[in-house]
Structure formats: C-alpha cells, structure tokens
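# Structural description and commentary
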Amino acid sequence: EDDDDDNDDWNAGLTASAGAEDTTPDDDESLISITKSWVKSLMSDMGVCPFTSGAEMAGLPMGQVYYTVSRVATAEDMYAAYWTEVVRVETCDEKSLSTTLLVTPNFAQHNIEMFENFSNTLTQPLEGLAVDELIQLVFFHPVWTFRDGAARGQDQNAANYARRSPWPMINILRTKQVRTAQRGIPTGLVYQQNERTLTKVGSGALESMLQKRDWKELEGHKVDRKDIEALRIAKDLQEAGAVKVEDMTLREDSTPAANKVDLKQIEGGDMVTVIRQALEKRLEKREFLTGPETSAALMATDFLLQELDNMGEPKAGTSPPVTKDETAIMGEDSGFLQDMDDDGLGNPFGEGYSEGLNPANFY
C-alpha cells in the first residue's frame, strides 16, 4: 500500500508540473517545427553539436534525425514511450534513422529535478540491461544547468543553453557513433568551444529567444565551421571517416592536433608536477584544461599507475611503503578525490572529461 502511495505522489507531481500555464502547441506538427528550428539554429548553425547538419541530418555516418512527440505525463507512460523509441532505433538502419529526439512537452517541463531523477533511471540500467552497446542518452530541458562546480557570472551561464531546449527532450544516440566521435574529438573541446560561442550571444538574449521559441536573432551569429577545430574534425569524420592530415601533427598518427602533447613534456619529466599543475589550474584557478594539458595529465597519471603496478604485490602481512610522490598525488588521506566532490568542485579535468562513454561531451 505504501508503494502505491509513493507511485501516486510521483505521478501527481509530474502531472502537476506539466499542467502549469504554458504556450505549447496543441498539434504535434507545430511542436516539431519549432523543435527543428531550435536544432537548426542552435545545434547546427551555432555549432553546438558538431555532428548535426541542419535540422534533418546528423551522426557518424550522416543519417536522418527522427523527431517524435509523446504527450504523456506519468513516469510509467514515459517509460513505455522511451522503450518504443529504443526499439525503433534498433530496428532501423543508420541512414534512415541516425538519432532520435523524443520530445516530451507534458513531462516534468516545470520540474527540472524530477526530470533529472527520471533521466537517471534511464541511464543507470543501460549497462545492466546490455543496452549500452546499442544506445547512449543525452537529455535536454528548458532550465538545464551544467553541474561542473565552476563559479560563473550571469553572462557565463550562457553555456547552459547548449542543453536548454524549448521542451524536455530525450536524445537517443547510437553507441557506435558516440565511440567514433570520442576517438576523433579531444575531450572537453566541444564544451569549451560552446561556452565561448554562447557567451558571445549572452544568456539574456538566449533566454529571451527560448521564451519566445524564436531563434532568428542567431542568424548574425552563425559560426564558420572552418574556423572552429572541433567542427572541422567533425566534418572530416562525417565526410571521410578520418581526420585530415592538416588536423594532425604527424602523418600516420590519428590523434587530432588539438589533443596532441609533446612527449618531452612527459618523458624525463616530473610526473607529479604535471598532475599537480593540471589540478591547480582546474581547482584553484577554475580554468578548463586545453587538449594538450589534458593529454599530458592523463599520460602522466597512466605512467605513474603503471609504475605502481610494476612494484608487484606486497608480501603477506605487509603493506607497500607510501612514497613522497604518491602522497603528493593522493593527498594526506585517501579521501582526496571525495573531498573535491564535497567542495562542489566536481571533475578536476572539467565538465567535458569522463571515463568511458559520455555523449554529453559533444554539447
């Protein structure tokens, strides 16, 4: 009985938030038309999503963007709508359906916390259900906020509009395409570029456009894809399946130039210093790392971890000594990384860095 009451409360909250005063079109055709205008203006013309070309095409390889609307308002109905679209992605080829935008205008539109909680219930089971090899998910919401711990003023909040959509949306992407993108574009580069691009427009102007659901003012801000590294790399991958030589530092090397690091920065260097400098920039100066800086920090970390592995297993009943360098990395106690999270500093490498797949790196 208690479980039923909890479910009723959950559904009632969703319905109530969706029922607030709103100007959502009654017909799906108009709603999709506005959504496509947002995709073209923000995702494509502003280069927020490097792999989107206009409102109709996206992905690696390029294929059709499928738009669908579900006006359900309860969690149970939303699960059903979501799994219907997952099956559609699985049964369609990439050319006819590269990625899906499931638009949910009546679902938690005025309750971002509820939407985020529901989103977590979709992402967490992906691996357990063995669906993570098929799809990855990105979520959009009218009041989405990046939670990277960075202190931002009003204008700097413009980066949030990379994920602020006219209605709540679930973007279903193909895992294979996400992996291809991650191999080509440096970690965090897209997020940093979007922050610069959107800050030029300003959060006030972006919010006004979102409220009006009219993005004509962005016409004068359309980016030139040739001038932005992440967009050049994305175009290379879409058209040729590989990054052009001019985007690399060495022929035969598939690492993009933006993510290259001079090995002299690592070989023979002080590994601990490399890592500490990266952490100081991210945590103390609150600045994002460049592609080379991120690579250097990760390479230094990998090197040190490998050295620790090479030390071998300790003898029975003993523990290996903790070196000065290890103490410098880990802090005075093993709660160093946890302390960073407790302080609200988030990931030391920035919003764009994560271990494993994270399609949200490309928004």
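Refer to the structure presented above.
If you're wondering where the values come from, they're calculated on a predicted model, not measured in any experiment.

Calculation rules
Residues numbered from 1 in each chain as written. Predicted model: local features only at pLDDT ≥ 70, side-chain atom pairs only at ≥ 80, totals over all residues. Heavy atoms only, no water. Helix = DSSP H or I, 4+ residues; strand = E, 2+ residues; numbered from the N terminus. Expected span 1.5 Å × (residues − 1). Buried < 20%, exposed > 50% of the residue type's maximum accessible area, 1.4 Å probe, protein only. Salt bridge = Lys/Arg side-chain N within 4 Å of Asp/Glu carboxyl O.

### Examining unusual backbone geometry
- In this chain, Leu60 is followed by Pro61 through a cis amide linkage whose omega measures 0°.
- Within the secondary structure layout, Pro61 lies in the loop between β2 (57-58) and β3 (63-69).
- Its identity as a non-glycine residue notwithstanding, Ala130 has a phi of 60°, on the positive side.
- Examined against the element boundaries, Ala130 turns out to sit in the loop between α5 (125-128) and β5 (135-140).
- Look at Arg213: it is not a glycine, yet its phi comes out positive at around 55°.
- Assignment of secondary structure puts Arg213 in the loop between α8 (203-212) and α9 (229-240).

### Quick notes on helix α7 (residues 189-201)
- Here α7 contains 13 residues, and its C-alpha end-to-end distance of 19 Å stays within 8% of the 18 Å for a straight helix at 1.5 Å per residue.
- A large share of α7 lies buried, amounting to ten of its 13 residues.
- Restricting attention to buried positions, one finds in α7 the residues Leu189, Val190, Tyr191, Gln192, Gln193, Asn194, Glu195, Thr197, Leu198 and Val201.
- Just past α7, the residue Gly202 takes up positive phi, approximately 100°.

### So, the pattern of salt bridges
- One pass over the structure, following the stated rule, counts six salt bridges.
- With a shortest N-O distance of 2.7 Å, Arg71 and Asp28 are connected by a salt bridge. Of the two residues, Arg71 is situated in the loop between β3 and α3 (75-91) and Asp28 in helix α2 (residues 28-45); the sequence distance between them amounts to 43 residues.
- For Lys176, the salt bridge is made with Glu94, and the minimal N-O distance between the two is 3.3 Å. Of this pair, Lys176 sits in helix α6 (residues 175-184) while Glu94 sits in the loop between α3 and β4 (99-103), and the two are 82 residues apart along the sequence.
- Note on Lys176: relative accessible area 53%, which makes it exposed.
- Given a relative accessible area of 17%, Glu94 falls into the buried group.

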